[in-house]
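Chain by chain, the residues run as shown.
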Amino acid sequence: MLVTLKKVLQKAQKEHYAVGAFNVNNLEILQGIIRAAEKMHSPVIFQTSEGAIQYAGLEYLFGLMQIASKVKIPVVIHLDHGKNIELIKKCIKIGYSSVMFDGSSLPLSENVALSQEIVRLASKYGASVEAEIGVLRGIEDFIQVPKQRAYLTDPKDAEEFVHLTKCDALAVAIGTSHGAYKFKGESKLDFTRLHEIQKRVKIPLVLHGASGIPHNIVSYAQKHCKTLHSCARLEGAHGVSNIAIRNAIRMGICKINIDTDLRIAFTGGVLNTLFENKKVFDPRIYLGKGQELVQEVVEEKMRLFGSAGKA
Ligand code: G3H
Ligand code: 13P
Ligand code: ZN
């Protein structure tokens, strides 16, 4: 059933687990996510980036997610990294139960003013709002932040920001980044900072850039194509460790965003199916394998985040 982010995260905060927010770009990824959630009996957040909406179309994506949300478990339909105010408004009006306003790269006062405007509009439609303070490094379609422009969340600013904006969830920057290359080796998150933020901010906190880039998925994706650029690029990629994820949940992280792990799994499924079955040209066969692997990754995340069995 479709529910708001606020509702799902309030329960998670009370019971000390986190809910996975998984990026949806097409039908097969969505099927992988919802099948995992139903099997694990877990609440789930579908999220679409502005890039995903540009690729697939808002009505198509929303239509698919709306149908997928007609299940017994709680489902949130959320806009990820909304920067375009007109698009955020469209998402709220079409029926998203939650939107993120990402004003993190704006001056603080502008971020506050625009977040307030989005909170006002969303509340008229019964939708929740996630806002962000602090900037993550990383390169995605609409989110391109070089190292020099990234900065970690200031706990005092975070407290003031939540007080002024009345947002429902707050994304914080504590050392993660978007994409496959997060760390040179072991993941290092600023838990002292997270602890300070948790002391000052009472609403649920959100961790972006939380993919683990698990070795088994990466090596599966690279099985037949060590020399192909798209696979070879993953050499030396390090994500957020499971230990770091568990610590973050203990310190108030209630929503965890995962996209890159799904991309790697999906691509691995498609590549391997095509390499291993030279006669296959039925998209249902290779996309179906991508979908299966997305489901496996999502199930694993739900166990790790402690949301399995919480629906
Ligand atoms: O945090 C960003 C997500 O990974 C979305 O990436 O803008 O390339 O769809 P995208
Ligand atoms: P990853 O790139 O680590 O999967 O992060 C995704 C994300 O934060 C989406 O908002
Ligand atoms: Zn993000």
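Now for a description of the structure that goes with this document. All values reported here derive from a predicted model rather than from experimental measurement. (Residues numbered from 1 in each chain as written. Chains lettered and ligands numbered in written order. Predicted model: local features only at pLDDT ≥ 70, side-chain atom pairs only at ≥ 80, totals over all residues. Heavy atoms only, no water.)

With that out of the way, let us pick up the site of ligand 2. Taken together, 15 residues lie near ligand 2, and D80, K182, S211, D259 and T260 sit nearest. Between an oxygen atom of ligand 2 and a side-chain N or O atom of H178, the distance comes to 3.1 Å. Residue T260 places a side-chain N or O atom 2.6 Å away from an oxygen atom belonging to ligand 2. In isolation ligand 2 exposes 300 Å². Once the protein is present, 98% of that is buried. (Near = heavy atom within 4 Å. Polar contact = N/O pair within 3.5 Å; in protein donor to acceptor, adjacent residues only side chain to side chain. Areas by Shrake-Rupley, 256 points an atom, 1.4 Å probe, with all protein chains shown as cover.)

Here we take up the environment of A169. Within the secondary structure, A169 sits in strand β8 (residues 169-172). Sequence separation between A169 and S97 is 72 residues; the distance between their C-alpha atoms is 13 Å. Non-local contacts of A169, meaning those with residues more than four positions away in its chain, are made with L5, L9, V129, E130, A131, I203, P204 and V206. (Helix = DSSP H or I, 4+ residues; strand = E, 2+ residues; numbered from the N terminus. Contact = heavy atoms within 4.5 Å.)

As a further point, take helix α13 (residues 283-305). With 23 residues, α13 extends 32 Å between its outermost C-alpha atoms, agreeing within 8% with the 33 Å of an ideal straight helix rising 1.5 Å per residue. Looking one or two places after α13, you find G306, whose phi comes out positive at around 80°. (Expected span 1.5 Å × (residues − 1).)

For the rest of this paragraph, the subject is the coordination of the zinc ion (ligand 3). Protein ligation of the zinc ion (ligand 3) involves H81 (NE2), H178 (NE2) and H208 (ND1), the donor distances falling in the range 2.0 to 2.1 Å. Each donor residue of the zinc ion (ligand 3) lies on one chain, and together they are spaced H-x96-H-x29-H. Taken as a pair, H178 in the loop between β8 and α8 (191-200) and H208 in the loop between β9 (205-207) and α9 (215-222) lie far apart in primary sequence, 30 residues in all. Across this residue pair, the class does not change: H178 and H208 are buried. (Donors = N, O, S within 2.8 Å, 3.2 Å for Na, K, Ca; no water. Buried < 20%, exposed > 50% of the residue type's maximum accessible area, 1.4 Å probe, protein only.)

The subject of this paragraph is the sheet that holds strand β2 (residues 44-48). Around the barrel, which closes on itself, the eight strands sit in the order β1-β2-β3-β4-β5-β8-β9-β10 with parallel pairing between neighbours. Taken pair by pair, the neighbouring strands of this sheet meet at an average axis angle of 25°, ignoring direction. By the bridge criterion, three bridges tie strand β3 (residues 75-82) to strand β4 (residues 98-101) in an arrangement that is parallel. Paired with H78 across the two strands is S98, which belongs to β4. Relative to the sheet, helix α1 (residues 5-15) contacts β1 (19-23), β2, β3, β4, β5 (128-133), β8 and β10 (253-258), its axis offset from that of β10 by approximately 120°. (Pairing = 2+ DSSP bridges. Axes fitted to C-alpha atoms, helices over the stretch in contact; angles between N-to-C directions.)

Here we take up the pairing of β1. Judged by how many residues are buried, β1 sits mostly within the fold: five of five residues are covered. As judged from the four bridges shared by β1 and β10, these two strands associate in the parallel manner. Along β10, the bridge assignment pairs G20 with I256. Two elements, β1 and β2, share three bridges in a ladder whose sense is parallel. Bridging from a neighbouring strand, A21 pairs with I45 of β2. Once the chain exits β1 it traverses helix α2 (residues 27-40) before rejoining the sheet at β2, and the crossover so formed is right-handed. (Right-handed = clockwise from strand over helix to strand, strands pointing away.)

Positive phi outside glycine occurs at H41, with the angle close to 55°. With respect to the secondary-structure elements, H41 resides in the loop between α2 and β2. H41 gets classed as partly exposed once you look at its relative accessible area, which sits at 41%. One non-glycine residue, H81, lies in the positive phi region at around 50°. Secondary-structure assignment places H81 in strand β3.

On inspection of all chains with the given rule, the structure shows 16 salt bridges. Note that R263 and D259 form a salt bridge whose closest N and O atoms lie 2.9 Å from each other. You can call R263 partly exposed: its relative accessible area is 41%. Residue R303 pairs with E299 through a salt bridge whose shortest N-O separation is 3.8 Å. Here R303 pairs with E299, and both are found in helix α13, just four residues apart, close to one helical turn. (Salt bridge = Lys/Arg side-chain N within 4 Å of Asp/Glu carboxyl O.)

None of the figures reported here should be taken as evidence of function without further support.
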